[in-house]
Structure formats: C-alpha cells, structure tokens
Amino acid sequence: MSKTETTDATDTADTDRVTGDDAAGADLSTAPREETTGGPTLGVVGWIRWFWRQLTSMRVALILLFLLSLGAVPGSLIPQTSADEMKVADFKKAHETLTPLYEKLQLFDVYSSVWFSAIYILLFVSLIGCIVPRTWQFVGQLRGLPPGAPKRLTRLPAYTTWRTEAGPEEVREAALAVLKGRRFRARAAGDAVAAEKGYLREAGNLLFHLALIVMLVAFAWGQLFKSEGGKLVVEGDGFSNTLTQYDDFKSGSQFGVDELEPFSFTLDSFTGTYEKSGPQRGTPRTFEAAVTYTRGDGKDEKAVIRVNEPLEVGDSKVYLIAHGYAPVVTVKDGRGKVVYRGAVPLLPIDNNITSTGAIKVMDGYRDKNGKPEQLGFKAFFVPTFAGAGQGDMFSQFPALDFPVMALTGYHGDLRVNSGLPQNVYQLDTSKMTQFKVEGGTGVAQRMRPGETMTLPDGAGSITFEKEIKEWASFQVSQQPGNGLALAGAVAAIAGLTGSLFIHRRRVWVRAVRGEDGTTVVEMAGLGRSESAKLPEELAELAVALTATAPPAPEPAAPESADPESAAPEPAEAEAEASEGVEK
Amino acid sequence: MILAAETNESLAQMSNTLVYSSMAVYTLAFLAHIAEWVFGSRSKVGRTAAALTEQKQAAAAAVSVQVKGAGGTTVLDRPKVVTRAAAGARDVPDGPGAAGGTVKGDLYGRIAVSLTVLAFALEAAGVVVRAISVQRAPWGNMYEFSTTFSTVAVGVYLAFLLAGKNVRWIGLPLVTTVLLDLGVATTLLYTESDQLVPALDSYWLWIHVSTAIFCGAVLYLGAVATLLYLFRDSYENKLANGGTPSGFARSVLERLPAAATLDKFAYRVNAAIFPLWTFTIIAGAIWAGDAWGRYWGWDAKEVWSFITWVGYAAYLHARATAGWKGRKAAYIALIAFGCFLFNYYGVNIFVSSKHSYAGV
Ligand code: HEM
C-alpha cells in the first residue's frame, strides 16, 4: 500500500474551477454546469429558458429527488385504497375530522395523486432535459481527442518527473505505446502525449438514467394495459377466463376485454398443512392447489399452483391468493324434497380459519302451506372446535381436526332481486324471520358433520354433510410491460455499476530536452476527485515507461533521504496553492 | 422446497449458546477497545492543530504519496508520485488511531481486534448452526435478520482490516452497536427456530434477503463513518478558525482519521453498495411478482426501500453538485440510513404490511 507523507496544503477560495493555462479538466464529465447567475432577463423566452435551465440543473434534480422520497412517506403510514379498501373504510370511520382533509389531499391514493405524479413527472422531464444534452456532449467527447497537456503539469493532482538519457522523441513514442497498450485513447500533442481512459463511466451513467426512463415507461404501460381479476373456486369446480366469470375485475384504461387470454382450469384439490406443535402452532406450511388447465387448443394439462409459483398461461399468470373451507349442505323442505345441495364457501375471519358465510336457498322451496318462500342460514364454521363449554365458536387450529358448524335459520325474502348488489357471504335479514321454536328462542344449532338440524313446524331440515370441501381464490393478472421493466432494471444496474466503479481520468506525458542535455520526463494525471487510485496508476505507467526511459543518475543529492519517515517533508515541486479541478 | 423437515431442537439450542458466547466475547472486545482509547488518551499529539497553523503560515504545497518501493539511493528505480490535495479540501493528517501511538493502547487495540475475530467466528457459527437446525436460509424473522446483520457488519470490518485498510477507528462504535443489536435480538426479537410461512419460501429469499442484509451492514459502516466525519469536520473547522475545542474533543477526535479521509471512506462504501441495493429492490420486486401477483404495490416495506434508495441517489447527486458536497451530503446520507433503519425496525414492528413475518 502507499504510504502517505503529509505536508500541508490548502487553498482558500479557488475551488471547483479549472484555472491555469488551459482546460485540462474540461469535459471530464458531462454533468451540467451549475449556474450561479441571477434571474431571467429577456422577456417570455428568457423566462422559459431560465425555467428550463433551472429544471434541468443538478440542484433542482436533487430537490425533486428529495421531494419524491418525502412524498412517498404518507402512503406508507395512511391506508391506501389501492392496497386495502377495507382498511381505508375503517380509517375513515375512526377519523371523521381528518377524513375530508385527507381526501382533499388525496392521501388515500398517494401514489396516483396529482401532487405525487407532479413530482415524478417533473423529475423525469428534468431527467430527459438533462440526459439529452449530456448524450450529445458525450458523443462529441468520444469523437474528439483528449485535450493537450497543460503548461504546468506540476499543478495537477498527481505528478511525477525524472530525467533520462533516452531522447524525447523516443520517450514520447514509448509513452504512446504504453498508454495505448493500457487501452487509453492517446495521441501525440506537441511535446507531450495526451491520453484519456474510462469513458465507460459516462456511458454507464447515461445508460443508468436512460434505464430509469425505460422503467417508468414500462410501469406506465403496465398500468394502462393491465388486467387483474379475482375468482374463488371450490374443489371440483372450474373457471374459464372470461369477464363474466370473475368475482371482481380491475383493468387499466386501455385494456380491451378481447385481450383476455383464452384458457380455463378446474381446481382438483387444495392442500394446506400447518405447524402441529411448538410456539408457531398453526402457522401455515404448505398451500398447494392442484389444477387441470386447458389452453385455447383444448389439451388438458396438470399443474400445481403454490404461493410463490403462479401458473403461467401465455401472458397471464394465475396466483394462489387465499383459501378456506366450503362445507357441503343439503336443505330439504317439509316434504323431504331436496331444495338445495352444494358446497358453501365461507370466508375466514382469523388465522385459524374461523369462518362465516351464508347459505341462500333462492328457489324451489315451499313452506308447509305450499307457498314459495326463500330460506337463508347464517353459518359460523370452525375447523377445530375447542370442545363444548370451552368458550366461543373460535377455531383452535386451521386444519379440519374437529369441524363444527353453527347455523341460524331464516325464512322470508332474501332480497336478491332488490336491485342492490348483494354480498354472497352475508344475509340480508331485513325481510326475513328467524325460525323460532315454540316459546320464542331462536333456532341455532352447533352441528358436527353428518348431523341434521330440523326446522320447526315442519319447515324442513338442513344437513351438514360429512364431506367438507376446500376452496382457493386465485388472482389472474395480465400485465404487459414486465419484460421491458426487467430489461430497464438490468440496464440500470449495469449502467450504475459502470458509473460508480469506473474512473475517468487523463494522463499526460511530456518529454523535453533539459538544459544538461538529458531528457526531462514529466507525467501527470487528472481524474475526478474521488479516484484514489490515480497516483498508483500513474506510478505504474511511469514504471512501464522507465523500460524505455530509465532514470539517469541524479546529479545532485536526492531530496528525500528517508522515505520511511512520517514527518512532514518540504513541499515538492513548486510552492503554489493547489488548484481546484472541476469534478 | 423442503418444508417437512423437522427443526432440530438441539442444534437450535447450540446456535443460541454460540450467539450468547459471542456476546460475551464482544463484551470483552468492547472493554479492550475502551482500554485502547483510555491508554491512547495519554498521548498528546495535536497534529491537526499543528498542520492547520502551518498551513496558515506557509501557503505552500502538496501532500506527497510515496508509492511502494520508492526511493533508491542514487538511481530511482521507481518514480515518486507527488499528489495534490483535492480542491477545497482541508489538508490535515489522519489521526494516529485510538491507541494514539502508545504501546499499551496499541496492545489493547490488537487484543480487541483478536477478540472481535473470535466473537465473529462464534456468531457466524451460531448463524450457520441455526440455518442447519431449520434447514433453510436463516432469515425468516427479525431475530435471524439481526444476528446475520451484525455478523456481516463485523465480517466486512474485519475484511477491511485484513486488506490493510485503516479502519480500526470503527472498532469501538461497531462493537458497541453489535452488542446492542444482539441484546435486542436475543431479548425482544427472539423467535424459536422454525419453518417459514409459504409466502417466504422461495429461492428469492436467498437472493433478496441476503443482499438486503449485506447492504444494510455495509451501509451501516458508511453511516458510522459519516457521523464521525461530521464530528471530526466540526473539530477541524473550529481549530482552523482559531477556536479551542473541548478537552474531550481534542483527545478523542484528534485520534480519528482526517475529515477528508472519513468522508471519502463513507462515499466509497455507500457508492459501492448502491448498485447492490438497487439490485436488492429489483430482486424483491421480482419475488413480489411471483408471490403476490404484482411486482410493485407500494406496500410499506416497498415504499421505505424506495425512499432509502432515492435518499442514497440524492446523496450521490449531492456529491456531484456544487454547494452540496461535504456536510450537506453527509446529512443526506444519514437521513438515508435512517430510512433504512426505519424500514427494518419501524415497518416490521409498527406498520402493518404484507411483509410482516411470523412472530416478528
Ligand atoms: C429519476 C431520478 C434520478 C435518479 C434516481 C438518479 C440517480 C443517480 C445516481 C445514483 C447517480 C450516481 C452515479 C454517479 O455518481 O456516477 C447519478 C449521477 C448523476 N445524475 Fe442522476 N438521477 C436522477 C435524475 C437526474 C437528473 C434529473 C439529472 C440532471 C440534472 C441527473 C444528472 C446526473 C449526473 C450529471 C450524474 C453524474 C454525477 C457525477 O458525474 O458524479 N440525474 N444519478
């Protein structure tokens, strides 16, 4: 490792500016120059130009980045409609005074709000306004040649010199060869050789910023053309990918219904296993939905959908989202005729899959007088019952270890045709009467599989069949632009890596005949201020060059006798304030 | 994916014992570092002040870097490269380190590092045994994240030492926070060794979580350096303006590397890890795409990863923007790291998110 012997140096005002004889450090990057001049001068055009220059300046980009991160914060603390509408509703109920204010500020939809969009759109306009000129500038730099050597190389951040017997021409030629051998772009310029390397840094940086735009476009594209629908399927049932089959469906504004991928599937079985013991008892271990699916071509194929492993059919992906139980029930009327038989999916309300739902018998039922009527049952189901007298109907374990269902029966009008959309899992009892036994108590019964509850007054019966099915709910998503987003992401990382790990630097080698007849070789390097390897690289280049230009014996005593000493040593070279170099 | 595998109780027990032992050894390392700083305080060097006054008197010069093998007797076999300070930087020598150049301090410093190596080995073994006991990546809950996190931070620090970098000054703050981290992990966050919930069970866990932990550990080192930079920078400013810092500052801050060195270290660390952090977020998005059917849904965890990412991007921009270098950029870096921490503790514990795990 290099060892640092320090003296001292400072400069006062002279920073961030290339001073001295020439533009040795000019165009070492394509970063926009900071404008420190005041406001606009020339009327409307002047204003626009001024505004544009502000918008595309690094300072404003920085402020916009800061605003973007600040603007993202509330969305993580306040419930968002896009993520969980239920939670938003709860929040609105709990905070009545805040809600109107929040709604006005679009705080329930932060990421699609006007103000958040404004921030990132401005940022991306700024970005485009920034990288277009930078790209031209960079192309110009690639076409051009490294700038010639500054007059005084000693002013540069890394410098070395020695004398040699080899002729100046010879040294310059060797320097050109050495530099080119190390993949510098090099050229002879007067009495010196000028070289530059590390252009990939700039290319990487431009690629990175460009990739950000690609990702944004891909994201926007996906939002416009995506579709996303949910469907609950009971074991044995099927689904085919048409709009009418979905329980719920959302799509982007540009999505066309005929773009739905033609396919269908049947849920053969659902398997859930759970931790049986220990403190994490009940934690899910596997969820697997075995399906048979058919593409447009009609051939059956089998697949297993797991939580992290969606089924891919063409552009669509089928994700396993949730699951629960669907007890099978049979309802008979007073004459013993089966009026309803089927699996009733119930919705879990806790982690142990305590579930609730409704059984609706819409037609076919007649009461004991032969009058058509509708029946409804509120169902409460636990897969693992704690045992009679063990508290409430709350499940102790998510698997079907000791299933119990409690049913409360109603008769009357289910109001399914009232015109209002109805939740299939809830019963509207406003036009219904609860079945009551004589004397007044309502009929509600806890049942084990296989048991039957008889309704009073010969109204019929309901049987909780031994078979309990499981259901799984799926999300079918079609999101174009994913490939583009991924390509953008990969390009962003590649560009960033180039931008941060490659150093752009310039090296000059000057060889001139000295007063004593020997050749004085001077080498200097200039890089962005962060590059620490510059002196080492310069030393290595110098060593390579000494093969052709070996140092001549010093005429006078060498300056530094003891290189080990950590004590301050007098300044080398000219005693001048060091120069700032625009980074 | 193997989920049926039973967690092995005795191995899990062994892992806990290893982690507790490492805490004991870290405590000893902590004490040794304290001894190092205490003995080091006996040296009164005051190089910074000297350097600064000298600069005022003679407006001269340059820092020279002697490249390896330099300086022959009569014939130079390797040219000497003279370097100048970066524009606008105060040129102050690095402090002598915690030991302050004292033999006793240095001895304790070496003991502290040796103990840290031992503690690291124990902790790393604890993490590996935990992984074997559960037959999966040991990153299923916050206890496991925390232990891995501090293991990686110490590992990176030791790797820097091994590479000959001057980083021993990080020793005391690092060991202190590692003890805090492990203390919180073993008491508040402890979770029995167990299997994963299905949503976490994916090979993306290995990719996404391991890089996230690695990024966090390295960014932490960057944040420590940034914080020390701010202190040291005020100290140097005070001296340069002719002020007299307190005795404590003179003793402790004097021994730290120069502000410019700390700043550069922080920048390198943060910049080097930024592409990996970008990758981590993208890997997480791909995983979310597989698990939840959307690759980006503005979930709390995703939001805070994004904020952290934008924060560090702002920091890198600030370094390239005139008027924002130095202290302002340092504040941005600290805020960005604060966002990382909040994403880890805050979001996991206080904010309800899709990314909540079994038992914290
Ligand atoms: C979407 C928002 C942006 C993000 C996330 C972003 C991110 C980054 C990152 C991470 C770097 C570091 C790479 C390096 O240091 O070389 C960088 C560099 C840079 N960015 Fe951006 N940037 C954004 C917008 C902009 C805009 C609007 C401008 C134009 C004013 C800009 C101009 C630059 C320049 C010139 C550099 C190079 C700085 C240097 O040479 O060190 N960026 N950007």
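The structure presented is a predicted model; accordingly, all values stated were derived computationally and were not measured. (Residues numbered from 1 in each chain as written. Chains lettered and ligands numbered in written order. Predicted model: local features only at pLDDT ≥ 70, side-chain atom pairs only at ≥ 80, totals over all residues. Heavy atoms only, no water.)

### Focus on the overall build of chain B
Regarding its fold elements, chain B presents 10 helices and 2 strands. Listing the helices and strands of chain B from first to last along the sequence gives α-α-β-β-α-α-α-α-α-α-α-α. Counting the 360 residues in chain B, one finds 61% classified as buried. Split by element, the accessible area of chain B, about 13800 Å² in all, is 68% carbon and sulfur. (Helix = DSSP H or I, 4+ residues; strand = E, 2+ residues; numbered from the N terminus. Buried < 20%, exposed > 50% of the residue type's maximum accessible area, 1.4 Å probe, protein only. Areas by Shrake-Rupley, 256 points an atom, 1.4 Å probe, with all protein chains shown as cover.)

### Thoughts on the site of the ligand
Close to the ligand lie 27 residues, the nearest being Cys-130, His-209, Ser-499 and Arg-528 of chain A together with His-317 of chain B. Flanking the ligand are residues from chains A and B. Within the side chain of His-317 of chain B, a nitrogen or oxygen atom sits 2.5 Å from a nitrogen atom of the ligand. Partitioning the shell around the ligand into residue classes produces 17 nonpolar, 7 polar and 3 charged. (Near = heavy atom within 4 Å. Polar contact = N/O pair within 3.5 Å; in protein donor to acceptor, adjacent residues only side chain to side chain. Nonpolar A, V, L, I, M, F, W, Y, C, P; charged D, E, K, R; others polar.)

### Side note on the domain arrangement of chain A
The domain boundaries assigned to chain A delineate domain 1 (45-138), domain 2 (145-198 + 504-546) and domain 3 (227-478). For domain 1 of chain A versus domain 2 of chain A, the distance between C-alpha centres works out to 49 Å. (Domains from an automatic or database assignment.)

### Quick look at the packing of helix H4 (residues 142-162) of chain B against helix H5 (residues 171-187) of chain B
Residue and element names in this part refer to chain B. The interhelical angle for the contact between H4 and H5, taken along N-to-C directions, is 165 degrees, at an axis separation of 9 Å. In terms of orientation, H4 lies roughly antiparallel with respect to H5. Here H4 and H5 pass one another in a crossing that is left-handed. Between H4, through Tyr-143, Ser-146, Thr-147, Ser-150, Ala-153, Val-154 and Tyr-157, and H5, the contact on the second element is made entirely by Gly-171, Leu-174, Val-178, Asp-181, Leu-182, Ala-185 and Thr-186. Here the residues of the contact of H4 with H5 sort into 8 nonpolar, 5 polar and 1 charged. (Axes fitted to C-alpha atoms, helices over the stretch in contact; angles between N-to-C directions. Parallel < 35°, antiparallel > 145°, perpendicular 65-115°, else oblique. Left-handed = near helix turned anticlockwise from the far one by under 90°. Contact = heavy atoms within 4.5 Å.)

### Remarks on the coordination of the iron atom of the ligand
Surrounding the iron atom of the ligand are the protein donor atoms His-209 of chain A (NE2) and His-317 of chain B (NE2), which sit 1.9 Å from the metal. Seen from the iron atom of the ligand, its 6 donor atoms lie at angles of 78 to 178 degrees, and the figure they make is octahedral. Taken together, the residues His-209 of chain A in helix H7 (residues 199-225) and His-317 of chain B in helix H9 (residues 300-319) connect one chain to another. Accessibility expressed as a relative area gives 19% for His-317 of chain B, which makes it buried. (Donors = N, O, S within 2.8 Å, 3.2 Å for Na, K, Ca; no water. Tetrahedral: all angles 85-135°; square planar, octahedral: opposite > 155°, others 65-115°.)

### Some points on the pairing of strand S5 (residues 227-234) of chain A
Working note: regular strand, side chains alternate between the two faces of the sheet. Residue and element names in this part refer to chain A. Counted residue by residue, S5 has 8 buried out of 8 residues, so it is predominantly covered. Summarising the sheet, S5 and strand S7 (residues 248-251) pair through 4 bridges and their orientation is antiparallel. Across the sheet, the residue bridging to Glu-228 is Lys-250, located in S7. Of the strand pairs in this sheet, S5 and strand S21 (residues 460-478) are connected by 8 bridges, and their pairing is antiparallel. The residue of S21 that forms the bridge with Ser-227 is Gln-478. (Pairing = 2+ DSSP bridges.)

### Quick notes on the packing of aromatic side chains
By convention here, two paired aromatic rings are described through the distance between centres and the angle between planes. All names here are of chain A. Enumeration over the complete set of coordinates arrives at 39 aromatic pairs over all chains. Here the aromatic rings of Phe-116 and Tyr-120 are separated by 5.9 Å at their centres, their planes lie at 65 degrees, and the arrangement is edge-to-face. Of the two residues, Phe-116 and Tyr-120 both sit in helix H5 (residues 114-143), 4 residues apart, roughly one turn of that helix. Judged by its relative accessible area of 2%, Phe-116 is buried. Measuring from ring centre to ring centre gives 5.1 Å for Phe-239 and Tyr-246, while their planes differ by 65 degrees; the resulting arrangement is edge-to-face. According to the relative accessible area criterion, Tyr-246 is buried, its value standing at 9%. (Phe/Tyr/Trp six-rings, centres within 6.5 Å; stacked < 30°, edge-to-face > 60°.)

### Points about a positive patch on the surface
Residues Lys-533 of chain A together with Lys-165, Lys-264 and Arg-268 of chain B make up a contiguous surface patch of positive charge. Checked against the element boundaries, Arg-268 of chain B lands in helix H8 (residues 259-292). Residue classification places Arg-268 of chain B among the partly exposed positions, given a relative accessible area of 37%. (Patch = residues over 30% accessible without salt bridge, like charges linked within 9 Å, V, L, I, M, F, W, Y side chains within 5 Å. Salt bridge = Lys/Arg side-chain N within 4 Å of Asp/Glu carboxyl O. Lys, Arg positive; Asp, Glu negative; His and termini not counted. Charge placed at Lys NZ, Arg CZ, Asp CG, Glu CD.)

### Structural notes on the state of the cysteines
By the definition in use, this model includes 0 disulfides over all chains. With no disulfide of its own, Cys-215 of chain B has Cys-339 of chain B as its nearest cysteine by sulfur position, at a separation of 15 Å. (Disulfide = S-S within 2.5 Å.)

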